[in-house]
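# Chain and residue survey
Below, each chain spelled out in residue letters.
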Amino acid sequence: MDFTYTPEQRQLRDAVSALGRKYGHGYFVEKAKAGQHTTELWAEAGKLGYLGVNVPAEYGGGGGGITELAIVCEELAAAGCPLLLLVVSPAIAATVIARHGSAEQRTELLPGFADGSLTVAFAITEPEAGSNAHRLATVARRDGDDWLLSGRKCFISGVDQADRILVVARTTDAATGRLKPALFLVPTDAPGLTKSKLDMEIVSPENQWLLYLDDVRVPAGALIGDEDAGLPALFSGLNPERITVAAMSAGTARYALSRAADYAAKRAVWGKPIGTHQGVAHPLAHAQIQVELARLMIAKAASLYDAGSDLEAGVAANMAKYASAEAAALAVDTAIQVHGGNGMTTEYGVATLLGAVRAGRIAPVSREMILNFVAQHVLGQDKSY
Amino acid sequence: MNIVVLVKQVPDSGSERGLSADDKTVDRGSANNVINEMDEYAIEEALKIQEAHGGEVTVLTVGPQQAAESIRKALSMGPDKAMHVVDDALHGSCALATSKVLAAAIGRLSPDLVISGAESTDGRVQVIPHMIAERLGIAALTGARKLVVDGATLTVERQTDEGYEVVTAATPAVVSVWDTINEPRYPSFKGIMAAKKKPVETLSLADLGIAADEVGLSGASSAVVEAGKRPPRQGGTKVTDEGDGGVKLVEFLASEKFV
Ligand SMILES: Cc1cc2nc3c(=O)[nH]c(=O)nc-3n(C[C@H](O)[C@H](O)[C@H](O)COP(=O)(O)OP(=O)(O)OC[C@H]3O[C@@H](n4cnc5c(N)ncnc54)[C@H](O)[C@@H]3O)c2cc1C
């Protein structure tokens, strides 16, 4: 077993970290509060190929894997810029298209993922179908060669920044008459598609949206793969999603802990720095250990995924997502406590992460659903639902 | 225009640094070793000249085996190839000896232009570019904040305490640069992956025709006799405004060479 990254992976980490620090958390918060996006950072990271590390080289991408993309997610977050759209666009959408898209779809879309010029949102969640994807009610009906999509989606991140949305809908299986999932690429300006912004208590330049699809017409070429590709295509996006979101949480946790460690080493209330009190230092050390354990699981999951062990990677990715979300929530909470009143100010830049890390325990898959997964698939328990 | 960029690996100036207890050389073993910050500006300047005028950019490093990682990092920014002089006998070399090795290596590459950082964050002597120019018998344009290449003519704005001087020379020449000259690029992911495949020629002292006793601790022209920790920072100067606060502030800034 080898716990070292390759020299190239280490260099990528250094380079992304340097770029992230050039922008920093102050920039991230400023954009969020102004209702703007981190367009400059996204464009620069894209131009440098950091957003397309996992896109196959033949389409202009970096030819790396999810290990590399997780490094990008983690280091940007560790610099105070946790970008959720990295999880949605390069991790989920680019993977789904690279693995299940038609030749035309790959040729048309992957170069845009490679340089970050194309952003694709991902829409699965519905008001009546969150954790339970079996209840998806968005349907796709054939109309000549076209498809007509109708339904509602909620909590969809980055629709205002995206060029297209990868929409999970259901089609009727010709043989059995049963509904099965199918993935469609819908342009964000398609007629019949409307969106409304959700007010979220998360300090983030990225927004969540409600989507209404009212007979949105897309051509046959908008279907990913063919009608039978839906389920495998959907599954192919899950591991990259979990691994990169976990990496983002771990980076956010590192950012909060480094702020807290700096503060604890300098702030002196009783003559000595507060970090000398074990009541302050131990919670930080505890959180640090949780974060490192999560990072280890993220590295394992990414390594298994890149080696092609999808099933084993699935268990590790879920565990990494769980551990990392819990560690990040703990790290940010601890960092705030260490900062005292300053912890709640905008200036010190830790409470600004509260909403994001709290959401990490719910999305993209809740901690309970991961515990269900582990209980059933690792521990062999029957389920109640 | 063929350019050689000098790149040195140094302990990260942002973290704790020290000298080895036994021979008082820079402790590289326990340090986080990185590219000397100013050298990134030298690389950027070389790449900009290459983009405008063509030619080849070669990274030249004299340093221990572990400096290879810094060479790869330098190459990831865009240079074409590298030369690495590694030899155990080099450990503890003084500036004079280092310049001898660098000059010999540059001699094998015969570039039109040598670009280096104005100083390294560990040694901080600022003499290597001058020494190399002297050894090679070419012009030294040091401490540049701007460099213009026009055919075989180099024009440099040389940063001084009071302002700047405009200095020109014909190639071949050595130019050393400050961090005011440009904004170094971040290595792209493709650059990082491509660096792995770029040629790095490794040379020993024997390859350069230099004897072991001309360099290293034993051959050093200077010796570190004693070293101590920098005294803790003193409390700052307080300026009380008695109507002349502005003047006093400017006087202070001027005395510290901020204005
Ligand atoms: C910031 C943010 C960004 C998001 N971005 C996107 C996006 O880009 N695209 C997208 O499609 N979706 C997105 N989502 C939606 C997200 O994936 C869902 O919120 C999440 O899957 C949970 O679904 P739900 O909200 O419907 O909760 P529900 O399914 O209603 O669950 C409510 C609670 O009940 C628990 N629960 C449900 N079933 C069980 C069970 N069987 N056993 C135990 N506990 C159970 C859950 O764990 C949860 O705590 C985003 C959400 C947030 C907060």
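Residues numbered from 1 in each chain as written. Chains lettered and ligands numbered in written order. Predicted model: local features only at pLDDT ≥ 70, side-chain atom pairs only at ≥ 80, totals over all residues.

## Quick word on the environment of Glu165(B)
Residue and element names in this part refer to chain B. Counted only if it meets this: Secondary structure elements follow DSSP: runs of H or I of four or more residues count as helices, runs of E of two or more count as strands, with numbering from the N terminus. Neighbour counting defines burial: a residue surrounded by 20 or more other C-beta atoms within 10 Å of its own C-beta is buried, one with 12 or fewer is exposed, and intermediate counts give partly exposed, using backbone-placed C-beta atoms. For every residue pair, C-beta atoms are placed from the backbone, and the pair is scored as a contact if these atoms sit within 7 Å.
Among the structural elements, Glu165 can be located in strand β9 (residues 164-170). For Glu165, a count of 12 C-beta atoms within 10 Å gives the class exposed. Distance from Glu165 to Ile138, taken between C-alpha atoms, is 19 Å for residues 27 residues apart in sequence. Setting aside its immediate chain neighbours within four residues, Glu165 contacts Arg158 and Thr160.

## Re the nonpolar core
What counts is decided by this rule: Definition of nonpolar core: a set of buried Ala, Val, Leu, Ile, Met, Phe, Trp, Tyr and Cys residues joined via C-beta atoms within 7 Å.
In this structure, Phe184(A), Ile298(A), Val332(A) and Val5(B) are the most contacted members of the largest nonpolar core, which totals 188 residues. Among the elements that take part in this core, helix α8 (residues 310-338) of chain A stands out by supplying 16 residues, more than any other.

## Section: the site of the ligand
Residue and element names in this part refer to chain A. Basically, it comes down to this: We call a residue near a molecule or strand when its C-beta atom, built from the backbone, sits within 6 Å of it. Where a domain begins and ends is set by an automatic assignment or by a domain database.
Taken together, the neighbourhood of the ligand is formed by 22 residues, with Gly130, Ser131, Ala363, Ser366 and Glu368 sitting nearest. Elements with a contribution of two residues or more to the shell around the ligand: β1 (120-123), β3 (146-157) and α10 (367-377). Taken domain by domain, the shell around the ligand gets at least three of its residues from each of domain 2 (122-227) and domain 3 (231-377).

## Quick look at the sheet that holds strand β11 (residues 200-203) of chain B
All names here are of chain B. The test is simple: We treat two strands as partners when DSSP finds at least two bridges between them. Note on geometry: axes are lines fitted to C-alpha atoms, helical ones only across the stretch in contact, with angles between N-to-C directions running from 0 to 180 degrees.
If you trace the nine strands from one edge of the open sheet to the other, you get β9-β8-β7-β10-β6-β1-β4-β5-β11, paired in mixed fashion. Of all the strands in the sheet, the pair left with one neighbour each is β9 and β11. The mean angle between the axes of side-by-side strands here comes to 35°, regardless of whether they run parallel or antiparallel. In this structure, strand β1 (residues 3-6) lies alongside strand β6 (residues 113-117), joined through three bridges in parallel fashion. Bridge pairing in β6 links Val4 to Val114. On the sheet, helix α2 (residues 68-76) packs against β4 (57-62), β5 (81-85) and β11 and is oriented at approximately 160° with respect to β4. Those strands touched by helix α3 (residues 95-109) are β1, β4, β5, β6 and β11, and its axis lies near 150° from that of β4.

## Describing the UniProt feature "domain: Acyl-CoA oxidase/dehydrogenase middle" (unreviewed entry) in chain A
The cut-off we apply is this: UniProt positions are given in the numbering used here, feature names are shortened, and annotations may be inferred rather than shown by experiment.
Feature annotation in UniProt assigns "domain: Acyl-CoA oxidase/dehydrogenase middle" (unreviewed entry) to the following positions: residues 121-198 of chain A. Secondary structure within residues 121-198 of chain A divides into 0% helix and 55% strand; the distance between the first and last C-alpha atoms comes to 16 Å.

## Quick word on the interface of chain B and chain A
Put simply, the rule is: Residues are sorted three ways: Asp, Glu, Lys and Arg are charged, Ala, Val, Leu, Ile, Met, Phe, Trp, Tyr, Cys and Pro are nonpolar, and all the rest, Gly among them, are polar.
In this complex, chain B contributes twelve residues to the contact, which on the side of chain A involves twelve residues. Among the residues forming the side of chain B that touches chain A, the class breakdown is five nonpolar, two polar and five charged.

## Some words on the UniProt feature "domain: Electron transfer flavoprotein alpha/beta-subunit N-terminal" (unreviewed entry) in chain B
When the UniProt feature table is mapped onto this chain, "domain: Electron transfer flavoprotein alpha/beta-subunit N-terminal" (unreviewed entry) is found at residues 23-212 of chain B. In residues 23-212 of chain B, helix accounts for 30% and strand for 28%; the two terminal C-alpha atoms are 18 Å from one another.

## Side note on the UniProt feature "domain: Acyl-CoA dehydrogenase/oxidase N-terminal" (unreviewed entry) in chain A
Per the UniProt annotation, the sites labelled "domain: Acyl-CoA dehydrogenase/oxidase N-terminal" (unreviewed entry) are residues 6-116 of chain A. Between the C-alpha atoms that bound residues 6-116 of chain A there is a distance of 24 Å. The span itself is 69% helix and 0% strand.

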